[in-house]
Amino acid sequence: MPNTYGNRTLTEWLTLVLGVVIVLVGLFFVIGGAQLAMLGGSVYYLICGVVLVASGVFMVLGRTLGAFLYLGALAYTWVWSLWEVGFSPVDLLPRDFGPTLLGILVVLTIPVLRRLETRRTLRGAV
């Protein structure tokens, strides 16, 4: 039997923590992005922040939709970055390194999220 903490496994707890981290990053983006947009700057941060908050909430709820929302936001980030700075590795690094690292972790949570969804379906929850 896997290590369990309460009624969750360690990987389920780590997925929950990652979801909370994504919510916090998303809130930071929403607040900063709203201020930037009001000053006439890019709306990227506001849009991405809203998607990240939704992603994190769905991950905390154990839904794979959260992972796919994050991966969509990551794709949007890469497109935005390439549009902003082109293919300059030095300029892409600060824009994409952190989100891509989180994206790798999110991909690793997909099997855990699927297991949580299956477990919830078997119990009859919607």
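The structure displayed is predicted, hence computed values, not measured ones. (Residues numbered from 1 in each chain as written. Predicted model: local features only at pLDDT ≥ 70, side-chain atom pairs only at ≥ 80, totals over all residues. Heavy atoms only, no water.)

Peer 1: Just to check I follow, could you spell out the overall build of the chain for this structure?
Peer 2: Along its length, the chain carries 4 helices and 2 strands. When the helices and strands of the chain are read in sequence order from the N terminus, they spell out β-β-α-α-α-α. When the 126 residues of the chain are sorted by exposure, 31% land in the buried category. For the chain, contacts bridging at least 24 residues in sequence account for 59% of all contacts bridging at least 6. Accessible area of the chain: about 7700 Å², with a carbon and sulfur share of 75%. Looking at the chain, you have 8 positive and 5 negative side-chain charges, and the mean spots of the two groups are 18 Å apart. (Helix = DSSP H or I, 4+ residues; strand = E, 2+ residues; numbered from the N terminus. Buried < 20%, exposed > 50% of the residue type's maximum accessible area, 1.4 Å probe, protein only. Contact = heavy atoms within 4.5 Å. Areas by Shrake-Rupley, 256 points an atom, 1.4 Å probe, with all protein chains shown as cover. Lys, Arg positive; Asp, Glu negative; His and termini not counted. Charge placed at Lys NZ, Arg CZ, Asp CG, Glu CD.)

Peer 1: Hey, could you run me through helix H3 (residues 64-85) in this one?
Peer 2: Residues spaced three or four apart along an α-helix point in a common direction, a consequence of the helix completing one turn every 3.6 residues. Relative to the 32 Å expected for 22 residues at 1.5 Å per residue, H3 spans 32 Å between its end C-alpha atoms, a close match to the ideal helical length. Summarising the contacts, the buried residues of H3 are in contact with helix H1 (10-38), helix H2 (44-60) and helix H4 (89-123). Downstream of H3 by one or two residues, Gly-86 has phi in the positive range, about 75°. (Expected span 1.5 Å × (residues − 1).)

Peer 1: Explanation requested: the nonpolar core in the structure shown.
Peer 2: In globular proteins that are soluble, nonpolar side chains generally tend to be buried together. One finds Leu-18, Ile-22, Cys-48, Leu-52, Met-59, Tyr-70 and Val-106 to be the most contacted residues of the largest nonpolar core, which totals 18 residues. Among the elements of the structure, H1, H2, H3 and H4 are those that each provide at least two residues to this core. The leading source of residues in this core is H4, at 6 residues. Leaving out residues up to four positions away in the same chain, Met-59 has contacts with Thr-15, Leu-18, Gly-19, Ile-22, Gly-66, Ala-67, Val-106, Thr-109 and Leu-113. (Core = buried A, V, L, I, M, F, W, Y, C linked by side-chain atoms within 4.5 Å.)

Peer 1: What am I meant to see in the pattern of salt bridges here?
Peer 2: Across all of its chains, the model carries 2 salt bridges by this definition. Among the salt bridges present, the one from Arg-115 reaches Glu-12, with a minimum N-O distance of 3.7 Å. Here Arg-115 is found in helix H4, whereas its partner Glu-12 is found in helix H1, with 103 residues between them in sequence. Glu-12 gets classed as buried once you look at its relative accessible area, which sits at 1%. Ionic pairing is found between Arg-119 and Glu-12, a salt bridge with its closest N-O pair at 2.6 Å. Placement of Arg-119 in helix H4 and of Glu-12 in helix H1 is noted, with a sequence separation of 107 residues between them. Here Arg-119 falls in the partly exposed class, since its relative accessible area comes to 29%. Salt bridges here are not isolated pairs; linked through shared partners, they connect Glu-12, Arg-115 and Arg-119. (Salt bridge = Lys/Arg side-chain N within 4 Å of Asp/Glu carboxyl O.)

Peer 1: Is there a simple way to think about H1 in this case?
Peer 2: With 29 residues, H1 extends 42 Å between its outermost C-alpha atoms, agreeing within 8% with the 42 Å of an ideal straight helix rising 1.5 Å per residue. Every buried residue of H1 is listed here: Glu-12, Thr-15, Leu-16, Leu-18, Gly-19, Ile-22, Val-23, Gly-26, Phe-29 and Gly-33. Where the residues of H1 are buried, they touch strand S2 (8-9), H2, H3 and H4. Among the residues trailing H1, Gly-40 stands out with phi positive, at a value near 90°.

Peer 1: It is not clear to me how the packing of H1 against H4 should be interpreted in this structure. Could you clarify?
Peer 2: The description of two helices packed together rests on the angle between their axes and the distance between the axes. Running from amino to carboxyl end, H1 crosses H4 at an angle of 125°, the nearest separation of the two axes being 9 Å. Put simply, H1 runs oblique to H4. Crossing of H1 against H4: the hand is left-handed. Counted together, Thr-11, Glu-12, Thr-15, Leu-18 and Ile-22 of H1 and Leu-102, Leu-105, Val-106, Thr-109, Val-112, Leu-113, Arg-115, Leu-116 and Arg-119 of H4 form the full contact between these two elements. (Axes fitted to C-alpha atoms, helices over the stretch in contact; angles between N-to-C directions. Parallel < 35°, antiparallel > 145°, perpendicular 65-115°, else oblique. Left-handed = near helix turned anticlockwise from the far one by under 90°.)

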